[in-house]
Amino acid sequence: MPQTAPKTTADRWDAERAASLSPLEGLAYRSNLLGADRAVANYGGGNTSIKVTEPDHVGRPTRVLWVKGSGSDLATITADRFTALRLDEIDPLREREEMPDAEMVAYLARCQVEPSMPRSSIETLLHAFVDAPHVDHTHPDAINAIAGAADGERLAAECFGDEALWIPYIRPGFLLSRQVGEAVAANPGARFVILAKHGLVTWGETGEESYRATLEAINRAAGFLAAKAPEPALSGEPLPVESRRELLRAVLPTLRGAVATDGAAKVLVADTADDVAAFAADPSAAEVSQVGAACPDHLVHTKRRPLWIAYDPASDDHEAVRERIRAGVEEFRAGEREYFERHREGDETIADTAPRVVAIEGVGIVGVGRNVKAASLSRDLYHRAIAVMRGATALDGFVSLDDAESFAVEYWPLELYKLSLAPPPRELEGRVALISGGAGGIGAAIAGRLAADGACVVIADLDGDGAARTAGELGEVAAAVAVDVTDEDAVAAAFAGAVDAFGGIDLVVASAGIASSAPLAEATVAEWERNYGVLAKGYFLLAREGAAVQRAQGQGGAIVFIGSKNALAAGKSAVAYSSAKAAELHMARCLAEELGPDGIRVNTVNPDAVLEGSRIWDSSWRAERARAYGIEPDQLEAHYRARTTLKVNVTPADIAEAVAFLASPTRAAKSTGNVINVDGGVPTAYPR
Ligand code: ZN
């Protein structure tokens, strides 16, 4: 049975490396080491600082606090993401009894040595008020298992004796900072501060000392947990790995539709690792998961609790789970609205009411977000929460912030400010596109363009290696699947791959192409079947399987066929290719009519003579076309340019532009059954 409770962490300090760094670089180094273990410092969570004396802009020696800038992640932070503040200007604040957040932020902004530096962390004063030159604040799993236990204060005393100070929960801000500073000053023997339901503060004369204090606290806590409360075996049997995936494939599109808010699509990323599935299979999980957040830091990314979906494979079919998801999301949204109304104080704007984490019994968890990054963050923070909950439960019961405390953090302007640092959503944010023939040429250009517009892209191609390469270039927003579009099962599997990666599909771009030309007398049945296999049957299968996922989501969608001038213009010596392209074009119009009631738009882009980057044009097709026109192969670009009305060559980027328009749920919201020619102007192909 996999273990989920907090574990010890490894010492990563490299003395030689540390000695070679400037104080600020050393701070970045130490931060990176803390962030290297997510059980120590969560994504984006925690903050670090140093106090040094350095010359200001006129050369005067100045006492400066360098502290993490808001919105950075310790694991990846670099020296330029820290902010310097004048300590002489912060010191007078120690005399204050309290200070409203807005005033504190405005005050600290004026203490910045350089106005253009990032806004300092919302926990800045905690660092300023502890006198030690090096201070670290983290939210480690092992510490939070104690800090989040019902009898945490007593347990912390039992684990650390006088070496740890306990600060009862209050929301981060001026008062918490002052309490920590005063407690440390009054207890010179103390080495750690444990913030109830929140985290850890350590300090040192050197960076190494502060770093090692964090590690020591964590490892002592983990040892204490192991000795005091050996993790009770999880009972309940998680589903076999294959069944977890099968269930998710059957229900994620439904979930994706349910969590879309006002047409804003979301990405779903699942975690069905054995330890997560085991947690989700335990009979206590339904209850423990609903207690509350494991750290205030998680709240804006996970909400107070996940949506819990019960699943008993013995009695529930997939439709029963889908129904439970639809009802569960509705109920969750209603609960969020009620929570907001109950605790709102002024003119706060209600946050998206959809769950950010969904836990499915015996299967695992699903992160929900406006993009892959946000969804992964929710999922990964919840993975951390499981460790904290398991540890605290084993001790004497997990406790969390109450609703009022949660609201105060979730709707805290300073926490919302961090979120506002993210770039505004792009046009296709949260949407998922599958592009057949996406490994190269027009397909790759389309994938790149849709990704640039914010979409997640699934690169589907007969050339699986090529698909993986193209996806690799696009990073975490792309996945690759190898698919023969003429194979019914393979196409269904490609869409299952899209559901695995991102939870569903909004856009299907059928771009896989082949071409051949031959005079009628020489045209073979094999070539005929190959053209109709890829261009007619292939497009039919992509549309059928894609529309099935789109319908399950119930949020509309778009299908774009990449056609050809030849679909409209009668070309000679390409009977199989041209007539298959015409079939494709007409199929798009028929599907537009059939899928319209579901809000699924089907349109066609007709390119002509896109030679750049095309695999088709590297094949014998180039020589065949040149022969048909009675010219040399290298004269084709000029030939095609000359015959267009606009005297231009058409590039993959031009095609991608038209696809991006038709894919747009706003700009092309009212276009279906349409044809956009992107061919430089070919009069015989003008639609009529
Ligand atoms: Zn904190």
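Residues numbered from 1 in each chain as written. Predicted model: local features only at pLDDT ≥ 70, side-chain atom pairs only at ≥ 80, totals over all residues. Heavy atoms only, no water.

Caption draft 1: Structural view of the overall build of the protein chain. Summing up its helical and strand segments, the protein chain has 25 helices and 18 strands in all. Principal-axis analysis of the C-alpha atoms gives the protein chain an extent of 95 × 70 × 50 Å. A buried classification covers 56% of the 688 residues belonging to the protein chain. For the protein chain, contacts bridging at least 24 residues in sequence account for 72% of all contacts bridging at least 6. Summing over all exposed atoms, the protein chain offers an accessible surface of approximately 27300 Å²; the carbon and sulfur share of this is 53%. In the protein chain, 68 side chains carry a positive charge and 97 a negative one; their mean positions are 5 Å apart. (Helix = DSSP H or I, 4+ residues; strand = E, 2+ residues; numbered from the N terminus. Buried < 20%, exposed > 50% of the residue type's maximum accessible area, 1.4 Å probe, protein only. Contact = heavy atoms within 4.5 Å. Areas by Shrake-Rupley, 256 points an atom, 1.4 Å probe, with all protein chains shown as cover. Lys, Arg positive; Asp, Glu negative; His and termini not counted. Charge placed at Lys NZ, Arg CZ, Asp CG, Glu CD.)

Caption draft 2: Looking closely at the domain arrangement of the protein chain. When the domains of the protein chain are assigned, the result is domain 1 (15–228), domain 2 (241–420) and domain 3 (432–615 + 649–681). On a C-alpha basis, the centroid separation for the pair domain 2 and domain 3 is 35 Å. Each partner contributes residues to the interface: domain 2 has 15 residues there, and domain 3 has 17 residues. Both faces combined, the contact of domain 2 with domain 3 buries some 1200 Å², and carbon together with sulfur accounts for 56% of it. Among the residues domain 2 hides against domain 3, the three largest losses belong to R249, P253 and R256. Together they make up 44% of the total. Run the count over domain 2 and domain 3 and you get 2 salt bridges. Note that D500 and R249 form a salt bridge whose closest N and O atoms lie 2.6 Å from each other. Scanning the region where domain 2 abuts domain 3 turns up 5 residue pairs in polar contact (both at pLDDT 80 or more). Contributions of two or more residues to the side of domain 2 that touches domain 3 are made by α10 (241–259), β8 (267–271) and α15 (372–395). Per-class residue counts for the side of domain 2 that touches domain 3 are 8 nonpolar, 3 polar and 4 charged. (Domains from an automatic or database assignment. Buried area = accessible area lost by both parts, 1.4 Å probe. Salt bridge = Lys/Arg side-chain N within 4 Å of Asp/Glu carboxyl O. Polar contact = N/O pair within 3.5 Å; in protein donor to acceptor, adjacent residues only side chain to side chain. Nonpolar A, V, L, I, M, F, W, Y, C, P; charged D, E, K, R; others polar.)

Caption draft 3: Structural context of the environment of A547. Relative to the assigned elements, A547 resides in helix α21 (residues 525–553). Measuring from C-alpha to C-alpha, the distance between A547 and A658 comes to 21 Å, with 111 residues separating the pair along the chain. Aside from chain neighbours lying at most four places away, what touches A547 is L595 and I600.

Caption draft 4: Inspection of the sheet that holds strand β13 (residues 456–461) at higher detail. Reading across from one edge, β14-β13-β12-β15-β16-β17-β18 is the order of the 7 strands in this open sheet, with parallel pairing throughout. The open sheet has two free edges, formed respectively by β14 (478–482) and β18 (675–678), since each of these has just one partner strand. Pairwise comparison of adjacent strand axes, ignoring direction, gives a mean angle of 15 degrees for this sheet. Summarising the sheet, β13 and β14 pair through 5 bridges and their orientation is parallel. Across the sheet, the residue bridging to V457 is A478, located in β14. (Pairing = 2+ DSSP bridges. Axes fitted to C-alpha atoms, helices over the stretch in contact; angles between N-to-C directions.)

Caption draft 5: Up close: the coordination of the zinc ion. Donor atoms from the polypeptide that coordinate the zinc ion comprise E123 (OE), H137 (NE2), H139 (NE2) and H198 (NE2), at 2.1 to 2.3 Å from the metal. What the 4 donor atoms of the zinc ion show is an angle range of 90 to 165 degrees at the metal, which sorts the shape as irregular. In the primary structure, the donors to the zinc ion are separated according to the pattern E-x13-H-x1-H-x58-H. Accessibility classification places H137 together with H139 in one group, the buried group. (Donors = N, O, S within 2.8 Å, 3.2 Å for Na, K, Ca; no water. Tetrahedral: all angles 85-135°; square planar, octahedral: opposite > 155°, others 65-115°.)

Caption draft 6: The arrangement of the packing of helix α2 (residues 23–35) against helix α9 (residues 207–228) in detail. Between α2 and α9, the shortest axis-to-axis distance is 10 Å and the interhelical angle comes to 15 degrees. On the basis of their axis angle, the class for α2 and α9 is roughly parallel. Judged by the twist between their axes, the crossing of α2 over α9 is right-handed. Contact with α2, carried on its side by R30, L33 and L34, involves G207, S210, Y211 and T214 of α9 and no other residues of that element. A class-by-class count of the residues in the contact of α2 with α9 yields 3 nonpolar, 3 polar and 1 charged. (Parallel < 35°, antiparallel > 145°, perpendicular 65-115°, else oblique. Left-handed = near helix turned anticlockwise from the far one by under 90°.)

Caption draft 7: Region of the structure containing the layout of surface pockets. Volume-wise, the largest pocket comes out at about 1700 Å³. Among the secondary structure elements, those contributing two or more residues to the lining of the largest pocket are α13 (299–302), β11 (364–369), α15 and α17 (413–420). Considering each element in turn, the lining of the largest pocket owes the most residues, 7 residues, to α15. Grouping the constituent residues of the lining of the largest pocket by class yields 20 nonpolar, 12 polar and 17 charged. Of all the secondary structure elements, the ones that give two or more residues to the lining of the second largest pocket are α18 (441–452), β13, α21, α22 (575–595), α23 (620–629) and α24 (636–643). (1 Å grid on protein atoms, 1.4 Å probe; cavity = no way out; pocket = protein on both sides within 12 Å on 5 of 7 lines; lining within 4 Å. Points joined across faces, edges and corners; volume = space filled by probe spheres on them.)

Caption draft 8: Up close: the packing of α21 against α22. Close contact between α21 and α22 brings their axes to 8 Å; oriented N to C, the two are set at 15 degrees. Between α21 and α22, the crossing angle belongs to the class labelled roughly parallel. The hand of the α21/α22 crossing is right-handed. Across the interface between the two elements, E527, W528, N531, Y532, L535, A536, Y539, F540, A543, A547 and R551 from α21 touch V575, A576, Y577, S579, A580, K581, E584, M587, L591, E594 and L595 from α22. Its residues assigned to classes, the contact of α21 with α22 shows 15 nonpolar, 2 polar and 5 charged.

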